[in-house]
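Commentary on secondary and tertiary structure
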Protein chains: 2
Amino acid sequence: MTPRDLDTAFTDADDSPGLLLWQVTNRWQAAIRLTLKPYGLTHVQFVLLAALTWLGSEGPVTQKALADQAASDPMMTSQVLRALEGRGLVERRPHPQDGRARALAVTEEGRALANRAVVAVEACDAEFFGTLEEQTGAFTRALRRLRTASTQE
Amino acid sequence: MTPRDLDTAFTDADDSPGLLLWQVTNRWQAAIRLTLKPYGLTHVQFVLLAALTWLGSEGPVTQKALADQAASDPMMTSQVLRALEGRGLVERRPHPQDGRARALAVTEEGRALANRAVVAVEACDAEFFGTLEEQTGAFTRALRRLRTASTQE
DNA sequence: TCAGAATAGTAAGCGCGCATACTAATTACA
DNA sequence: TGTAATTAGTATGCGCGCTTACTATTCTGA
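Criteria and cut-off values
- Residues numbered from 1 in each chain as written.
- Chains lettered and ligands numbered in written order.
- Predicted model: local features only at pLDDT ≥ 70, side-chain atom pairs only at ≥ 80, totals over all residues.
- Heavy atoms only, no water.
- Near = heavy atom within 4 Å.
- Polar contact = N/O pair within 3.5 Å; in protein donor to acceptor, adjacent residues only side chain to side chain.
- Helix = DSSP H or I, 4+ residues; strand = E, 2+ residues; numbered from the N terminus.
- Nonpolar A, V, L, I, M, F, W, Y, C, P; charged D, E, K, R; others polar.
- Phe/Tyr/Trp six-rings, centres within 6.5 Å; stacked < 30°, edge-to-face > 60°.
- Buried < 20%, exposed > 50% of the residue type's maximum accessible area, 1.4 Å probe, protein only.
- Contact = heavy atoms within 4.5 Å.
- Salt bridge = Lys/Arg side-chain N within 4 Å of Asp/Glu carboxyl O.

1. What to know about the protein's contact with DNA strand C
For DNA strand C, the set of nearby residues contains 23 residues, the closest of which are W22(A), S78(A), R82(A), R92(A) and T42(B). Counting only atoms of DNA strand C within 4 Å of the protein, the fraction found in sugar and phosphate groups is 72%. Between R102(A) and DNA strand C, the recorded distance is 2.8 Å, taken from a backbone N or O atom to a phosphate oxygen. Every element with two or more residues in the surface near DNA strand C is listed here: α1 (17-36), α3 (63-70) and α4 (74-86) of chain A together with α4 (74-86) of chain B. Among the residues forming the surface near DNA strand C, the class breakdown is 6 nonpolar, 8 polar and 9 charged.

Structure, rendered in C-alpha cells:
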C-alpha cells in the first residue's frame, strides 16, 4: 500500500517507533490485566502495592514518596491507595511529623497478596519479552535511555 | 535500596522491561499530546485522521477497515470519527453496498490538517527516539517482534 | 515573628482503552 | 428459500493518565 494523500516519511506505518511503542504497550497492558485478574488487582494497584511492600513497612512512607518510586502521578496514587485501603491491603494513618501527609503501611494481607501477584506478573513479563531472547538486555537498556532522556527535556 | 518484604527477581525496578515500557510510553504520549495541542487533535484523532488520509479518498472505507489499519478498537474508532465529523474533517456517508457500514472520506480540510500535523508528529518522534541513535533500527525491530508475538497468543 | 512560597493531598473533569451487551444488516447453509 | 450465524456499528460503564483548581499544612526568610 502506498500513501497518496499523506506526506509521510514512512513507507509503512510499521516503521514508526512511536506507533509500535503504543501498540506493544497496549498488548502488554492487556496481558498484565489478564494475569492480575485472578488476584483482583489492576496494574496500577499492583504497582503501588508492590512498591509500598518494597519500600518496607518500618519508616513512614508518604504518598508522594510512593508516587515517585512507582512513577505514578499523585492523583492516581491517592485514588488507588484509598481503594486498597478499602480492601484492607494498606493503611493510611496520619503522618507523625507532617500534618499534611499520610503515613502508608502495607497490611499482612497486602504483603501476602503482593508476593503472590508478583510471581504471576514476572512470569507474564518473561513470556511477553521472551521472544526477544538475547536482545532483551539491549531492549531494556534502550527503554531506560528513552525514559531518562525524555525526563531531562 | 533493597527489597525486604517483596520476593522479586529484580534488584531494581529499573530492570523490569514491562515497567520501563509503561513509563516510556506514558512520556511519549505526553510528548505527542503537547505536539498535537496546537492542531487541536488528540493522539487517537490524529492516528485515525492520518490513517484515513493514507487509505485515500477514492474507495469507500468502512470504520472496521480503518480500525484494523490503525490498530484502534471499534468503539474508540466510532466515537472519534463522530468527533472528527463534527469538526468537518471527515465525512461518514452510508455505505453504498453494505447497509450496516459507513463509507468514510476525508474532507479537504481534514487532509490539509493531517498533512500539517504529521510533520510535527514525525519531528516529535525523531526527537524522542533520537537518543537511541544507531540503535533505533534494532529497537524498532524488537517492538515489531513483540507486537506480532503477542498477537499470536 | 510572621507573611509569602512551597508542598501533600484531594475534588472535578476530559479523553483513552477496553469489556459487555445490544440493534440492524448481511452472509452462509441446509 | 428461510433460518442461523456472522458482522458493522453503537450505548453504557469502569479504570487509567493527566490537567486545573482548591485546602491545609509546612517551610523560608526578611
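2. Notes on the protein's contact with DNA strand D
With respect to spatial proximity, 23 residues lie near DNA strand D, and among them T42(A), W22(B), S78(B), R82(B) and R92(B) are the closest. For DNA strand D, the backbone portion of the atoms within 4 Å of the protein, that is sugar and phosphate, comes to 71%. R100(B) is positioned with one of its side-chain polar atoms (N or O) 2.6 Å from a base oxygen of DNA strand D. Of all elements in the fold, only α4 of chain A together with α1 (17-36), α3 (63-70) and α4 of chain B reach the threshold of two or more residues within the surface near DNA strand D. Counted by class, the surface near DNA strand D contains 6 nonpolar, 8 polar and 9 charged residues.

3. Some details on the packing of aromatic side chains
Taken as a whole and judged by the stated rule, the model has 5 aromatic pairs over all chains. Plain terms: the ring middles of F128(B) and F129(B) are 5.0 Å apart, the flat faces sit at 70° to each other, and that makes the pair edge-to-face. On the accessibility criterion, F129(B) (3% relative accessible area) is buried. Each residue in the set F128(A), F129(A), F139(A), F128(B), F129(B) and F139(B) is aromatic and connected to the rest through ring pairs, giving one cluster.

4. Focus: the environment of L49(A)
All names here are of chain A. The topology assignment puts L49 in helix α2 (residues 43-55). Exposure remark for L49: the relative accessible area of 0% places this residue in the buried category. Through-space distance from the C-alpha of L49 to that of L84 is 8.1 Å; in sequence the pair is 35 residues apart. Ignoring any residue separated from it by four or fewer positions in sequence, one finds L49 in contact with L41, L84, L89, V90, V106, G110, L113 and A114.

5. Comments concerning the side chain of T25(A)
The topology assignment puts T25(A) in helix α1. Engagement of the side chain of T25(A) in a polar contact is seen with the backbone oxygen of L21(A), the distance being 2.8 Å. Of the polar contacts made by the side chain of T25(A), one reaches the side chain of T25(B); its length is 2.5 Å. Every residue in contact with T25(A), bar those within four places of it in the chain, is listed here: L21(B) and T25(B).

6. Here we look at the pattern of salt bridges
Tallying each qualifying case throughout the model produces 12 salt bridges over all chains. The residue R92(A) makes a salt bridge to E85(A) at a minimum N-O spacing of 3.0 Å. Look at R92(A) and you get buried, because its relative accessible area is 11%. For E85(A), a relative accessible area of 32% corresponds to the partly exposed category. Between R93(B) and E91(B) there is a salt bridge, with its nearest N and O atoms 2.4 Å apart. Judged by its relative accessible area of 32%, E91(B) is partly exposed.

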